[in-house]
Structures are given as C-alpha cells and as structure tokens.
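Residues per chain are reported as follows:
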Amino acid sequence: MKKMLALILPAALVGCTLSSDLRLVLTNQNAKTEFYTTEFAPVGNKVPVACENLNGVPTSTQVTIGFNYTGNFKEAHIVLSDPASNNYNSGEVTFAKDSENLGFDKGYYNALFSLNSIKPVPTKYASARAPREVVVGSAAKVGSFNGLVWAYSDTGSRTPDARTNQIDVYENCTLK
C-alpha cells in the first residue's frame, strides 16, 4: 500500500502548492476582474481585463483571486506581479480564513480587492460587482499582472508561491 501511495501522491500533486508541514495544499489559482471583453477571445469566451478609466472617468477595478485548498488553512497572502519585470505591486493583501474579504462559493475561495494604479485594497466580498462587458478597441495596453498567492497552514507552515493567469490593464475601457 505504501508503494502504491508513493506512486499516486506525486501525480496527484502536479499543479499544486504544498506547505512544508504537508498540512495544506492550494490548487486552481485563478484571477478574474469585474470587466471582461470578447474582442480578442475565441467565440463564446470572455477575457478578464482591468481598466484605468471607464468611459473616460478614472476607475478602480475589482479583482478576484480564487483558489481551492485542502487541509488546514489559516490565511492567504496575495500580491500582484508584473510578468514582464517580475516586480511586485506595492501592496500585499492578507486574507484570514474568516475574513469578510474572502468569499466561499462551490468549494472555491475568492479573495476580493479593488485595484487602482497605486495598490490593491481589500474589499468586502459582499460588495462584489457583477461582471460587465467592455470594449478596449484601440485603447493603449498600459501593463498586465498576475496574482501571486501563498498560504499558511494552522501550524504556520507556508506554501510556495502560486501564480495565476495574466490580466491585461488598459488605459481606457468603454461599457458595451
């Protein structure tokens, strides 16, 4: 039985981040925003985007970083990383398991924050806005980011960093 478990366990953990005490596993890290476009997506797909201005007015974008966990979860930490330079956004957001900024839906934890050009700000999960379609057209792409997630088990052991999908940031978006 031990030999069979030794063969199965590594295959089951592919794509997972496991804490050093083996008490916590993070999987399925994903970044979404309140804005999406279908302009350059395969038919029927929605691509999440962030907007610095909406219809010409400065705005912040709500960003949700989601993940599954198995085991003994205490808190998650999230920063934004510029994939081109690997620089981190100036703010790290911490979400305790029972945080009002962390929602749970269908086995998936979702951390919500608002993003402006300065830093991410934790936002009450209950205030999440419904997804809205935007057009970016010829708007300048001013950057992009990935969410970088790590978590701590109940004993304080940390998981390695887990990177989410990339979100592009546009100077101006127009509601469709």
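Since the model is a prediction, treat every value here as computed from it, not as a measurement. (Residues numbered from 1 in each chain as written. Predicted model: local features only at pLDDT ≥ 70, side-chain atom pairs only at ≥ 80, totals over all residues. Heavy atoms only, no water.)

Caption draft 1: Broad picture of the side chain of E75. Its location among the elements puts E75 in strand β8 (residues 73-82). Buried charge without a partner: E75 forms no salt bridge, and the closest opposite charge is K74, 5.2 Å away. At a separation of 2.7 Å, a polar atom in the side chain of E75 contacts the side chain of H77. Setting aside chain neighbours within four positions, we find E75 in contact with T94, F95, A96, K97, W150, A151 and Y152. (Helix = DSSP H or I, 4+ residues; strand = E, 2+ residues; numbered from the N terminus. Buried < 20%, exposed > 50% of the residue type's maximum accessible area, 1.4 Å probe, protein only. Lys, Arg positive; Asp, Glu negative; His and termini not counted. Salt bridge = Lys/Arg side-chain N within 4 Å of Asp/Glu carboxyl O. Polar contact = N/O pair within 3.5 Å; in protein donor to acceptor, adjacent residues only side chain to side chain. Contact = heavy atoms within 4.5 Å.)

Caption draft 2: Just the packing of aromatic side chains, in detail. All told, the structure shown has six aromatic pairs when counted by the stated rule. For the pair F40 and Y170, a centre-to-centre distance of 6.3 Å together with 35 degrees between the ring planes defines the contact as tilted. Of the two residues, F40 sits in the loop between β3 (35-37) and β4 (47-51) while Y170 sits in strand β16 (residues 162-170), which places them 130 residues apart along the sequence. By relative accessible area, Y170 is classed as buried at 8%. An aromatic cluster is present here, built from F67, Y69, F73 and Y109 joined pairwise through their rings. Sitting above the plane of the Y36 ring, K46 keeps its charged end 4.8 Å from the centroid. (Phe/Tyr/Trp six-rings, centres within 6.5 Å; stacked < 30°, edge-to-face > 60°. Lys NZ or Arg CZ within 6 Å of the ring centre and 35° of its normal.)

Caption draft 3: Region of interest: the nonpolar core. Grouped together as the largest cluster of nonpolar side chains are 24 residues, with contacts concentrated most on I65, F67, F73, I78, F95, F113 and F145. Residue assignment for this core shows that the elements contributing at least two residues are β2 (24-33), β7 (61-71), β8, β10 (93-96), β12 (108-115), β15 (141-153) and β16. Core analysis: the second largest hydrophobic core is formed by eight residues, C51, L54, V134 and Y170 among them. (Core = buried A, V, L, I, M, F, W, Y, C linked by side-chain atoms within 4.5 Å.)

Caption draft 4: Geometry of the pattern of salt bridges. Inspection of the entire model under this criterion finds six salt bridges. For E133, the salt bridge goes to K176, with nearest N and O atoms at 3.5 Å. Here E133 is found in strand β14 (residues 132-135), whereas its partner K176 is found in the segment after β17 (174-175), with 43 residues between them in sequence. Judged by relative accessible area, which is 67%, K176 ranks as exposed. Between K141 and D168 there is a salt bridge; the shortest N-O distance is 3.3 Å. Here the residue K141 occupies a position in strand β15, and D168 occupies one in strand β16, the gap between them amounting to 27 residues. Looking at K141, the relative accessible area reads 47%, which means it is partly exposed. Its relative accessible area of 19% is what places D168 among the buried residues. Because the salt bridges share partners, they merge into one network encompassing E34, R129 and R132.

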